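One-letter residues, chain by chain:
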Amino acid sequence: MKLQVEEIGAHGSTHTMAKLQGMEFWRQTLRGAQYVLAPMVDQSELAWRLLSRRHGVQLCYSPMLHAQVFVRDANYRKENLYCEVCPEDRPLIVQFCANDPEVLVQAALLAQDYCDAIDLNLGCPQMIAKRGHYGAFLQDEWNLLEKMIQLAHTKLSVPVTCKIRVFPEIEKTVEYARLLEKAGCQLLTVHGRTKEQKGPLTGVASWEHIKAVRKAVNIPIFANGNIQYLGDVKRCMQETWVHGVMSAEGHLHNPALFEGRSPVVWEMTEEYLDLVQQFPCSLSFVRAHLFKLWHHTLQVYQELREELAKVKTLEGIIAVNQELKRRCQEEASNKQDGETLNGDLPLPHWVCQPYVRPPPKDAGKEESGVRGKRALEEEEGTNLELLSKNKQKKKLRNPNKCFDPSVKPKYAKCEQCGNPKGNKCVFHLCRGCCKKKSFREIADCVGHGLFFKTKHEKSLQLQNVETSETEIKHPPPPPEIKA
């Protein structure tokens, strides 16, 4: 099926073109992709996408991009999408988080020439998504979602897709998927977890929900959740009948997952670091990838974990990687026949393999000896060297600063958008909303340093002074006296 859309050119001219939809879009534009790399914040950058494509991935998503920031910030666009054109990096879907139809379309119009489709993130369950009112926290606002997808479907020259989380009820999830399809969604990725299933409560994704959606709609469906090995991919496709399978965390621990291989970690890290040198990205992205890849080994060599956390250059990261490789190779060569070094792991710790989260009932139990993500964050908070660069700066400015979310004060919300409001704002708003209100009403807010009223009054005074000076220099002619 094809849709005739009007594409707006750079100079305002329009022309009509055909846009592929549904199954045709998946078969032709996406080349029938079955193995898919998930959109991940700060983790699916160009270098990682290229590594993924070399090892079995057939379709990649960009990291989740904030639509409003993408519209207003040219540097943000350049860093995240307008980089060097890379023919290898296709097909590519760009994902946005948004909660406003017009903003989503504005961002998508700026991105559509650099990708094959635009994806709306309706699956992010994190607290930042709750504060920003996007991701999985829009899943109950069906009227808004319908408007967003309909407008994007009508205005864009590329298809619109969505990534969602499920509701606890299968029937409601199916109804939700049908609504999105009817609004214009051309491909749907279903993460088989609810928005409450995250962190220590992650649990197992429901393939039953995914299968029910697959049966109920006529657009391509990708499944997401429970993917650790290639065998899981094949089993998921057999059980749910989906068109493709997406992996996020499993792929971060083993980039060769879709090849059905478990290579030694240094093979993947060295190839990735070579790509980073060709296609530079933030050092924090690189460090995060190595923490995932070397996860099991860094439990053995704790001092190198600390070294990797502290290093501040790409050369330093490469050096830590080489030392990890040297130690693992030495350990492997000294291993006696029949000797087991794996502990609870199915393979030696220097081989790419998944990380299995502790079950919810054990997460947070200190006596169990298993340290979850939160425990590691709290431990890092006690050591300045293990904090991120930004947190180190904050700690130096304020030694009493605490990074433990459980003891942080709860912020008062902005009356308009729900984000944290400025403590000294005279309107009780966040900076963004305060700026709009102050500009609209020509008012001042000392708390946010906004002085629209003051500047307006000064401008009027200056105009009056200039008018007076003009009258002095060029007085009006005397009135004409009639005889």
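Residues numbered from 1 in each chain as written. Predicted model: local features only at pLDDT ≥ 70, side-chain atom pairs only at ≥ 80, totals over all residues. Heavy atoms only, no water.

The protein chain appears in an unreviewed UniProt entry as tRNA-dihydrouridine(16/17) synthase [NAD(P)(+)]-like from Hymenochirus boettgeri. Regarding the protein chain, the UniProt comment filed under Cofactor (unreviewed entry) reads as follows: "FMN". (UniProt positions renumbered as here; feature names shortened; annotations may be inferred.)

Examining the packing of helix α8 (residues 170–183) against helix α9 (residues 207–216)
How two helices sit against one another is set out by the angle between their axes and by the gap between those axes. One can describe the packing of α8 onto α9 by two numbers: an axis separation of 9 Å at closest approach and a directional angle of 40 degrees. Judged by the inter-axis angle, α8 sits oblique to α9. Helix-helix and strand crossings are classified by hand; for α8 and α9 the assignment is right-handed. Between α8, through Ile170, Thr173, Val174, Ala177 and Arg178, and α9, the contact on the second element is made entirely by Glu208, His209, Ala212, Val213 and Ala216. Looking at the contact of α8 with α9 residue by residue, the class counts come to 6 nonpolar, 2 polar and 2 charged. (Axes fitted to C-alpha atoms, helices over the stretch in contact; angles between N-to-C directions. Helix = DSSP H or I, 4+ residues; strand = E, 2+ residues; numbered from the N terminus. Parallel < 35°, antiparallel > 145°, perpendicular 65-115°, else oblique. Left-handed = near helix turned anticlockwise from the far one by under 90°. Contact = heavy atoms within 4.5 Å. Nonpolar A, V, L, I, M, F, W, Y, C, P; charged D, E, K, R; others polar.)

Some points on the side chain of Lys19
Tracing the backbone shows Lys19 in strand β2 (residues 14–20). Looking at Lys19, its side chain comes within polar contact range of the main-chain oxygen of His153, at 2.7 Å. (Polar contact = N/O pair within 3.5 Å; in protein donor to acceptor, adjacent residues only side chain to side chain.)

Here's the deal with the packing of aromatic side chains
Per the counting criterion, the structure on display carries 10 aromatic pairs. A ring pair is formed by Phe70 and Tyr76, whose centres lie 6.3 Å apart and whose planes are at 80 degrees; its orientation type is edge-to-face. Across the pair, exposure class does not vary: Phe70 and Tyr76 are buried alike. With centroids separated by 5.7 Å and ring planes inclined at 75 degrees, the aromatic side chains of Phe439 and Phe452 adopt a geometry described as edge-to-face. Taken together, the positions of Phe439 in helix α19 (residues 431–441) and Phe452 in helix α20 (residues 452–473) put the pair 13 residues apart, joining distant regions of the chain. (Phe/Tyr/Trp six-rings, centres within 6.5 Å; stacked < 30°, edge-to-face > 60°. Buried < 20%, exposed > 50% of the residue type's maximum accessible area, 1.4 Å probe, protein only.)

Some details on helix α13 (residues 283–293)
All buried positions along α13 are accounted for by Phe285, Val286, Arg287, His289, Leu290 and Leu293. On its buried face, α13 sits against α2 (46–54), α11 (249–253), α12 (265–278), α14 (295–298), α15 (302–310) and α16 (314–334).

Re the pattern of salt bridges
Enumeration according to the criterion identifies 16 salt bridges in this entry. Between Glu196 and Lys195 there is a salt bridge, with its nearest N and O atoms 3.3 Å apart. For Lys195, a relative accessible area of 18% puts it in the buried group. Its salt-bridge partner being Arg235, residue Glu239 comes within 3.6 Å of it at the nearest N-O pair. (Salt bridge = Lys/Arg side-chain N within 4 Å of Asp/Glu carboxyl O.)

Concerning the state of the cysteines
A full pass over the atoms with the stated rule returns 0 disulfides. No disulfide involves Cys185; its nearest neighbouring cysteine sulfur is the one of Cys162, lying 3.9 Å away. Under the relative-accessibility criterion, Cys185 is labelled buried at 0%. Left without a disulfide partner, Cys414 is nearest to the cysteine sulfur of Cys433, which lies 3.8 Å away. Judged by its relative accessible area of 5%, Cys414 is buried. (Disulfide = S-S within 2.5 Å.)

Considerations on the environment of Thr29
By the element assignment, Thr29 lies in helix α1 (residues 22–29). Owing to a relative accessible area of 24%, Thr29 belongs among the partly exposed residues under this scheme. Taking the C-alpha atoms as reference points, Thr29 and Arg90, separated by 61 residues in sequence, lie 9.5 Å from one another.

A few points about the environment of Ala129
Structurally, Ala129 can be placed in helix α6 (residues 127–132). It is 9.9 Å that separates the C-alpha atoms of Ala129 and Ala98, two residues lying 31 residues apart in sequence.

Overview of the packing of helix α7 (residues 142–155) against α8
At a closest axis distance of 8 Å, the pairing of α7 and α8 adopts a crossing angle of 30 degrees. With respect to their mutual orientation, α7 and α8 come out roughly parallel. On α8, the residues that touch Trp142, Leu145, Glu146, Ile149, Gln150 and His153 of α7 are Lys172, Glu175, Tyr176, Leu179, Leu180 and Ala183. Among the residues forming the contact of α7 with α8, the class breakdown is 7 nonpolar, 2 polar and 3 charged.

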